[in-house]
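Reading the structure
Letter by letter, the chains look like this.
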Amino acid sequence: MAGTAEVELSLDDIRCVVGFAATCARRALPIYEMAQPDDARPRAAIDGAEAFAETGHRTAALRQLAWAAHKAAREVPASAATDAALAAMHAAGAAFLHPLYNPHQVKHVLGSAVHLVLADPDAAGELAEWIVTQADTTVRAVLRRFPPPAGGRAKFGAVLVRLDTELRR
């Protein structure tokens, strides 16, 4: 698209973001597995994200793992398990972060973290503090390259803005 600004984004930057996202999703995974012990799709998506973080090999199979975790989230009643599966989906999907100067890209960076918080709202403050400790200088630098996201009335948007604000400091 003509006129679309791009940000500097290396493969190592993306690998670091995916590692962060996978760490957040891995923490939410037990919530899903307690509700759906026979469904390995979210775990497979996180495993795929962790493999990408190690190797940097972005494949169609990784995209399929993300979609499978998304399908798992849609198949359970709206609950903490839904958010845990969506955290896994975002972890695998983070490998497809684009270098477009667009606030939507922040969802690729922080989607897993947001869904981790949403999966356990009683521990939201503690989880937000933990997330801040997990975001290294590379994750924070990548985040600062994109425009801040607009909030919104939905819980996802509110948590996204809160985490984004904290991590840009």
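Residues numbered from 1 in each chain as written. Predicted model: local features only at pLDDT ≥ 70, side-chain atom pairs only at ≥ 80, totals over all residues. Heavy atoms only, no water.

1. Observations regarding the overall build of the protein
The secondary structure content of the protein amounts to eight helices and zero strands. Relative to a compact globule of 169 residues, whose C-alpha radius of gyration would be 15 Å, the protein shows 15 Å and is just as compact. Residues counted as buried form 49% of the 169 residues belonging to the protein. Counting only contacts in the protein whose residues sit at least 6 apart along the sequence, the fraction spanning at least 24 positions is 75%. Split by element, the accessible area of the protein, about 8,300 Å² in all, is 55% carbon and sulfur. Within the protein, the 19 negative side-chain charges are centred at a point lying 5 Å from the centre of the 18 positive side-chain charges. (Helix = DSSP H or I, 4+ residues; strand = E, 2+ residues; numbered from the N terminus. Rg over C-alpha atoms; globule rule 2.2 N^0.38 Å. Buried < 20%, exposed > 50% of the residue type's maximum accessible area, 1.4 Å probe, protein only. Contact = heavy atoms within 4.5 Å. Areas by Shrake-Rupley, 256 points an atom, 1.4 Å probe, with all protein chains shown as cover. Lys, Arg positive; Asp, Glu negative; His and termini not counted. Charge placed at Lys NZ, Arg CZ, Asp CG, Glu CD.)

2. Thoughts on the pattern of salt bridges
Following the criterion strictly, the structure yields 11 salt bridges and no others. Among the ionic pairs, arginine 15 bridges to aspartate 12, the shortest N-O distance being 3.3 Å. With a gap of three residues between them, arginine 15 and aspartate 12 both fall in helix α1 (residues 11-35), about one helical turn apart. Using a relative accessible area of 23% as the deciding quantity, one classes arginine 15 as partly exposed. Salt-bridge contacts for aspartate 13 lead to arginine 145; the nearest nitrogen and oxygen are separated by 2.8 Å. Of this pair, aspartate 13 sits in helix α1 while arginine 145 sits in the loop between α7 (137-144) and α8 (155-167), placing them 132 residues apart in sequence. We classify arginine 145 as partly exposed; its relative accessible area is 25%. Overlapping salt bridges bring together Asp39, Arg41, Lys71 and Glu75 as one network. (Salt bridge = Lys/Arg side-chain N within 4 Å of Asp/Glu carboxyl O.)

3. What to know about the state of the cysteines
Scanning the model with the defined rule gives zero disulfides in all. No disulfide involves cysteine 16; its sulfur sits 12 Å from that of cysteine 24, the nearest cysteine. On the accessibility criterion, cysteine 24 (0% relative accessible area) is buried. (Disulfide = S-S within 2.5 Å.)

4. Some thoughts on the layout of surface pockets
By volume, the largest pocket is sized at about 260 Å³. Lining the largest pocket are 13 residues, and of these Ala66, Trp67, Met89, Gly93 and His108 sit closest to its centre. Contributions of two or more residues to the lining of the largest pocket are made by α3 (60-75), α4 (80-93) and α5 (105-119). With four residues, α3 is the single largest residue contributor to the lining of the largest pocket. (1 Å grid on protein atoms, 1.4 Å probe; cavity = no way out; pocket = protein on both sides within 12 Å on 5 of 7 lines; lining within 4 Å. Points joined across faces, edges and corners; volume = space filled by probe spheres on them.)

5. A word on the side chain of aspartate 13
Classification of aspartate 13 by relative accessible area gives buried; the value is 10%. A polar side-chain atom of aspartate 13 sits 2.8 Å from a polar atom in the side chain of arginine 145. Those residues in contact with aspartate 13 that lie beyond four places of it in its chain are Glu8, Thr138, Val142 and Arg145. (Polar contact = N/O pair within 3.5 Å; in protein donor to acceptor, adjacent residues only side chain to side chain.)

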